[in-house]
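As a plain string of letters, each chain reads:
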Amino acid sequence: VSFNAGAAVRLLRLWRMCTRALDDVRLNVRESGDLLARSVKSLTTRLSDPTATIATNDGSTFSIMPTQDAEESAAAAAGTSLNWLVVYGLNLPCAEATGVCVSALLGIIEVARPSTLRSVLPQLIGSLAMAISGLEPAALNYLQVRASASSSTERGDQLERLRLQMAQSGPISEAL
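Parameters at a glance
Residues numbered from 1 in each chain as written. Predicted model: local features only at pLDDT ≥ 70, side-chain atom pairs only at ≥ 80, totals over all residues. Heavy atoms only, no water. Axes fitted to C-alpha atoms, helices over the stretch in contact; angles between N-to-C directions. Helix = DSSP H or I, 4+ residues; strand = E, 2+ residues; numbered from the N terminus. Left-handed = near helix turned anticlockwise from the far one by under 90°. Contact = heavy atoms within 4.5 Å. Nonpolar A, V, L, I, M, F, W, Y, C, P; charged D, E, K, R; others polar. Salt bridge = Lys/Arg side-chain N within 4 Å of Asp/Glu carboxyl O. Parallel < 35°, antiparallel > 145°, perpendicular 65-115°, else oblique. Patch = residues over 30% accessible without salt bridge, like charges linked within 9 Å, V, L, I, M, F, W, Y side chains within 5 Å. Areas by Shrake-Rupley, 256 points an atom, 1.4 Å probe, with all protein chains shown as cover. Lys, Arg positive; Asp, Glu negative; His and termini not counted. Charge placed at Lys NZ, Arg CZ, Asp CG, Glu CD. Core = buried A, V, L, I, M, F, W, Y, C linked by side-chain atoms within 4.5 Å. Buried < 20%, exposed > 50% of the residue type's maximum accessible area, 1.4 Å probe, protein only.

Enquirer: Looking at this structure, how should I read the packing of helix α3 (residues 68–87) against helix α4 (residues 95–111)?
Expert: The relative placement of two packed helices is expressed as an angle between their axes plus a distance between the axes. Following both chains from N to C, one finds α3 and α4 inclined at 145°, their axes separated by 10 Å at the closest point. The two elements α3 and α4 cross, and the hand of that crossing is left-handed. Taking contact as the criterion, the partners of Ala78, Ser81, Leu82, Trp84, Leu85 and Val86 in α3 are, on α4, Cys101, Ala104, Leu105 and Ile108. Of the residues that constitute the contact of α3 with α4, the class distribution is 9 nonpolar, 1 polar and no charged.

Enquirer: What am I meant to see in the pattern of salt bridges here?
Expert: For side chains of opposite charge, pairing can occur when their charged atoms come near one another. Under the defined criterion, the tally for this structure stands at 3 salt bridges. With its nearest N and O atoms 3.2 Å apart, the salt bridge here joins Asp24 to Arg26. Arg113 is the partner of Glu71 in a salt bridge, and the nearest nitrogen-oxygen pair spans 3.0 Å. Taken together, the residues span a long stretch of sequence, with Glu71 in helix α3 and Arg113 in the loop between α4 and α5 (114–117) at a distance of 42 residues.

Enquirer: What exactly am I supposed to notice about the packing of helix α1 (residues 5–22) against helix α2 (residues 27–48) here?
Expert: Where α1 meets α2, the axes come as close as 8 Å, and the angle between the chain directions of the two elements is 150°. With respect to α2, the element α1 is oriented roughly antiparallel. Of the two possible hands of crossing, α1 and α2 adopt the one that is left-handed. Counted together, Leu11, Leu14, Trp15, Cys18, Ala21 and Leu22 of α1 and Val29, Arg30, Gly33, Asp34, Leu36, Ala37, Val40, Lys41, Leu43, Thr44 and Leu47 of α2 form the full contact between these two elements.

Enquirer: It is not clear to me how a positive patch on the surface should be interpreted in this structure. Could you clarify?
Expert: A surface patch of positive charge is lined by Arg10, Arg13, Arg16 and Arg20. With respect to the element layout, Arg13 can be found in helix α1.

Enquirer: Teacher, can you tell me more about the nonpolar core here?
Expert: Within the largest apolar cluster, 29 residues are counted, with the highest numbers of intra-cluster contacts made by Trp15, Leu82, Leu85, Leu105 and Leu124. Counting residues per element, the ones that place at least two in this core are α1, α2, α3, α4 and α6 (121–134). When residues in this core are grouped by element, the largest group, 9 residues, is from α4. When residues no more than four places from it in sequence are discounted, the contact partners of Leu124 are Leu82, Val86, Leu105 and Ile109.

So this is what it looks like as structure tokens:
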């Protein structure tokens, strides 16, 4: 089964609905959006994996042989998803939606072929680097400003080392 333009449009429509639901005012809509987002993230990761397995009704699983069609479909799904997630998903005002998009990006990066990532690599690296600082707790920024205002450079250096250590140990830096 190939990943055609109609499937790409439907997948992007699902992502837009997820992010809108996660940013809704009503709690029950956000909870449903969270469930939908986890499902769409899982679907996107499976579609982007050229070595995906299929479960049969009797409980057994079998691997899809990596054919040219499966490789092309996975590359198209990953490319479509990566482009949208990098351009729109990481720039959302809602922290929950951005977190789901980062998680989906990391999942796609993990399963996609390097040749698939090559086309979006410049945008991807820049966006992931910005996401590292964007997802940093605001309290650290407040403490950094307070430490720089005081005359103690030792505290400022310690805080800077802590920020750097947090950034280097996270899943985003691992993907980079």
